[in-house]
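Fold and contact review
Read off the chains here:
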Amino acid sequence: MKKFKAGVIGCGTISPMHLQSLNTVGNVELKAVCDVNVERAADKANRYSCNYYTDYKEMLDREGLDVVHICTPHYLHAPMAIYAANRGVNVLTEKPMAVSLQDADDMIKAAKDSQVTLGVIFQNRYNPGSVLIKNTLESGELGRIISGRLSVVWHRSDSYYSESDWRGTWDREGGGVIINQAIHTLDLMRWFVDVPIDYVEANISNRFHPGIEVEDCAEGVIFYKNGVRALFYTTTSYSYDVPVELELHCENGLARLVADKAVIRFDDGREVCADVDKNEVMDYGDGVKSYWGVSHCKQIRAFYESLAKGERPFIDGVEARKTQELVCAIYRSGKENRRIYL
Ligand SMILES: NC(=O)c1ccc[n+]([C@@H]2O[C@H](COP(=O)([O-])OP(=O)(O)OC[C@H]3O[C@@H](n4cnc5c(N)ncnc54)[C@H](O)[C@@H]3O)[C@@H](O)[C@H]2O)c1
């Protein structure tokens, strides 16, 4: 069996999800990690017995990698992915794919030109609840989707932003609650409805975080070409993290996600549920929330399986671009105060 040689760029908060997941994928050898913060890079290299770098270009030029995982601030995803693709290295980048649609397009083009695979992490699609809703919608049992709603009402402290040199900025984070926190739930909504979007109409504002440039609150509607309207409300200004909610009102019942648990209630009285398996946890050390990683691990394993088979991964650049386009349209609508057609 071919062993893929992997590297990870960015050794911050999310990196253990990738590093630990790589440990569980049989056909991968972690060769190196990279971070501009040399202590972080050395610490991870020590823990995972690999080389470390502070310059990602040097790592890519020297290590002969097959795959690079990008776990860096948003604005770096595109240049790093393009540099890797141009050297024939497959890329798996964290969400969001990029900070602009142009960057996303450039990433897709670079991957296509070099015939490498580009994957984007949206691990919540692998949660059992998300899978149940998607499968039930596809089975036709719920009938037509009539409308949807989602809310992401969380708390992010002033220090969450002030202790980071990229969060809370337009040029480096690319936005606030929409592109960082709510993007997962917006991606789920887009994937569940799964028809082209007609237009987006949104308001964005900064209500409670005067120290940041970007929005900490956004609400609006996504109007799909089949007439489905999906309403959204998202903020990082609440006093705690309320479980994320997503609901689809369908012809034959309601599909509802609260946090990771899906409950589908059919009008005929039947009910089906799915939740994360509480026994399915990974220990990441560093106080990292273990439930995050189970679906990360599933997506990372599936990515390598698709590479081994020479198949397109489930969430490739073209698929992730659709959610990037949605996010960018929400920002345009909020900034220009008008409806944006996609
Ligand atoms: N999928 C999820 O649920 C999830 C959760 C959290 C974060 N993320 C994503 O993961 C990415 C990273 O987020 P984070 O919370 O780990 O951020 P972080 O700030 O904790 O870590 C980023 C790391 O990148 C390093 N870095 C910055 N510039 C670099 C460069 N030029 N070369 C090498 N390393 C560099 C920093 O030193 C830092 O260690 C973001 O895209 C974020 O949205 C995803």
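Residues numbered from 1 in each chain as written. Predicted model: local features only at pLDDT ≥ 70, side-chain atom pairs only at ≥ 80, totals over all residues. Heavy atoms only, no water.

Scanning the protein from N- to C-terminus turns up ten helices and 15 strands. Its C-alpha radius of gyration of 20 Å places the protein within 12% of the 20 Å reference for a compact globule of 342 residues. The principal-axis extents of the C-alpha atoms in the protein amount to approximately 60 × 45 × 40 Å. Considering the protein as a whole, with its 342 residues, one finds that 54% of them fall into the buried category. (Helix = DSSP H or I, 4+ residues; strand = E, 2+ residues; numbered from the N terminus. Rg over C-alpha atoms; globule rule 2.2 N^0.38 Å. Buried < 20%, exposed > 50% of the residue type's maximum accessible area, 1.4 Å probe, protein only.)

Core analysis: the largest hydrophobic core is formed by 74 residues, its most contacted members being Val68, Ile133, Leu186, Phe192 and Leu248. It is helix 8 (residues 177-193) that provides the largest number of residues to this core, a total of ten residues. No fewer than three residues from each of domain 1 (4-123 + 297-316) and domain 2 (127-276 + 321-341) sit in this core. Look past the residues within four positions of Val68 in its chain and what remains in contact with it is Gly7, Ile9, Met59, Leu60, Ala84, Val89, Asn90, Val91 and Leu92. Formed by 23 residues, the second largest nonpolar core is a distinct cluster that contains Ala45, Tyr48, Leu92 and Phe303. (Core = buried A, V, L, I, M, F, W, Y, C linked by side-chain atoms within 4.5 Å. Domains from an automatic or database assignment. Contact = heavy atoms within 4.5 Å.)

A few words now on helix 10 (residues 317-336). Between its first and last C-alpha, helix 10 extends 27 Å over 20 residues, near the 28 Å set by a 1.5 Å rise per residue. Looking at where helix 10 begins, the residue whose side-chain oxygen comes 3.2 Å from the main-chain nitrogen of Val318 is Asp316. Just past helix 10, the residue Asn337 takes up positive phi, approximately 55 degrees. (Expected span 1.5 Å × (residues − 1). Polar contact = N/O pair within 3.5 Å; in protein donor to acceptor, adjacent residues only side chain to side chain.)

In this structure the tally under the stated criterion is eleven aromatic pairs. An angle of 85 degrees between the planes, with centres 4.9 Å apart, marks the rings of Tyr160 and Tyr161 as edge-to-face. Tyr160 gets classed as partly exposed once you look at its relative accessible area, which sits at 22%. For Tyr161, a relative accessible area of 4% gives the class buried. (Phe/Tyr/Trp six-rings, centres within 6.5 Å; stacked < 30°, edge-to-face > 60°.)

The domains assigned to the protein are domain 1 (4-123 + 297-316) and domain 2 (127-276 + 321-341). The straight-line distance from the C-alpha centre of domain 1 to that of domain 2 is 26 Å. Counting from both sides, the interface comprises 18 residues of domain 1 and, opposite them, 19 residues of domain 2. Between domain 1 and domain 2 the total buried area reaches about 1600 Å² when both faces are included, carbon and sulfur atoms providing 62% of it. When the area that domain 1 buries against domain 2 is broken down by residue, the three leading residues are His74, Leu101 and Phe122, summing to 33%. If you look at where domain 1 meets domain 2, you find one salt bridge. The salt bridge involving Arg321 is made with Asp105; its shortest N-O contact spans 2.5 Å. Our enumeration of links across domain 1 and domain 2 arrives at five residue pairs in polar contact (both at pLDDT 80 or more). (Buried area = accessible area lost by both parts, 1.4 Å probe. Salt bridge = Lys/Arg side-chain N within 4 Å of Asp/Glu carboxyl O.)

So, on to the packing of helix 5 (residues 101-114) against helix 10. With their axes 9 Å apart at the nearest point, helix 5 and helix 10 run at an angle of 170 degrees to one another. When the axes of helix 5 and helix 10 are compared, the pair comes out roughly antiparallel. For the pair helix 5 and helix 10, the contacting residues are Leu101, Ala104, Asp105 and Ile108 in the first and Gly317, Val318, Arg321, Gln324, Glu325 and Cys328 in the second. (Axes fitted to C-alpha atoms, helices over the stretch in contact; angles between N-to-C directions. Parallel < 35°, antiparallel > 145°, perpendicular 65-115°, else oblique.)

For the rest of this paragraph, the subject is the environment of Val177. Within the secondary structure, Val177 is located in helix 8. Among the residues examined, Val177 registers a relative accessible area of 0% and is labelled buried. C-alpha of Val177 to C-alpha of Thr235: the two residues are 58 residues apart in sequence and 6.1 Å apart in space. Residues within four places of Val177 in sequence aside, it is in contact with Ala182, Ile183, Glu215, Asp216, Cys217, Ala218, Thr234, Thr235 and Thr236.

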